[in-house]
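Here are the chains, one letter per residue:
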Amino acid sequence: MEVRWDVFLIIIGSALVTFLPRVLPLMVLSRMELPEWGIRWLNYVPISVMAALVGQELLLQDGQFSLMNNIELLAAVPTVLVAMKTKSLLGTVVAGMVSIMALRYFL
């Protein structure tokens, strides 16, 4: 089996580009004591990223802002209600899947 060095170098380079931005901050920040405001601020990062991803998926169709004929947005309503009521990730995921399946079947 022949090794193509250009492909091998691309794979190694991609691994480094993926690995370094994740590991370097972890190594640096693990040796530092973060101030209270920094820790509070970092607590909001995961929910902010999730809100941005979900919001974009719910409100954009084919790159355009759309509220009309938006099945995903309609399916989000019962999903959010189940999430607020049960506070269960499994229940929320099941409610979302059932909602989107039912809406796609009937609409």
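Everything discussed here concerns the structure shown above.
Predicted, not measured: the structure shown is a model, and the values here were computed from it.

To continue, consider the pattern of salt bridges. If you walk through the whole model with that rule in mind, you get 3 salt bridges. For Arg40, the salt bridge identified is with Glu36, shortest N-O distance 3.7 Å. Pair noted here: Arg40 and Glu36 are both in helix H2 (residues 36-43), with a separation of 4 residues, about one helical turn. For Arg40, a relative accessible area of 46% puts it in the partly exposed group.

In this section: unusual backbone geometry. Here Lys87, not a glycine, exhibits a phi torsion of approximately 55°, which is positive. Looking at where Lys87 falls in the secondary structure, it is placed in the loop between helix H4 (71-86) and helix H5 (89-106).

Relative to the helices and strands, Asn70 is located in the loop between strand S2 (64-65) and H4. Among the polar contacts made by the side chain of Asn70, one reaches the main-chain carbonyl oxygen of Ser66 at a distance of 3.0 Å. Polar side-chain contacts of Asn70 include one of 3.3 Å to the backbone nitrogen of Leu73. Contact partners of Asn70, with chain neighbours within four places excluded, come to Leu58, Leu59 and Gln61.

Let us look at the packing of aromatic side chains. Overall, the coordinates contain 2 aromatic pairs when judged by the stated rule. An angle of 90° between the planes, with centres 5.5 Å apart, marks the rings of Trp5 and Phe8 as edge-to-face. One end of the pair, Trp5, and the other, Phe8, are both in helix H1 (residues 5-30), 3 residues apart, so they sit about a helical turn from each other. For Phe8, a relative accessible area of 37% gives the class partly exposed. Ring plane angle 80° and centroid distance 5.0 Å describe the contact between Tyr105 and Phe106, whose orientation is recorded as edge-to-face.

Rules and cut-offs
- Residues numbered from 1 in each chain as written.
- Predicted model: local features only at pLDDT ≥ 70, side-chain atom pairs only at ≥ 80, totals over all residues.
- Heavy atoms only, no water.
- Salt bridge = Lys/Arg side-chain N within 4 Å of Asp/Glu carboxyl O.
- Helix = DSSP H or I, 4+ residues; strand = E, 2+ residues; numbered from the N terminus.
- Buried < 20%, exposed > 50% of the residue type's maximum accessible area, 1.4 Å probe, protein only.
- Polar contact = N/O pair within 3.5 Å; in protein donor to acceptor, adjacent residues only side chain to side chain.
- Contact = heavy atoms within 4.5 Å.
- Phe/Tyr/Trp six-rings, centres within 6.5 Å; stacked < 30°, edge-to-face > 60°.

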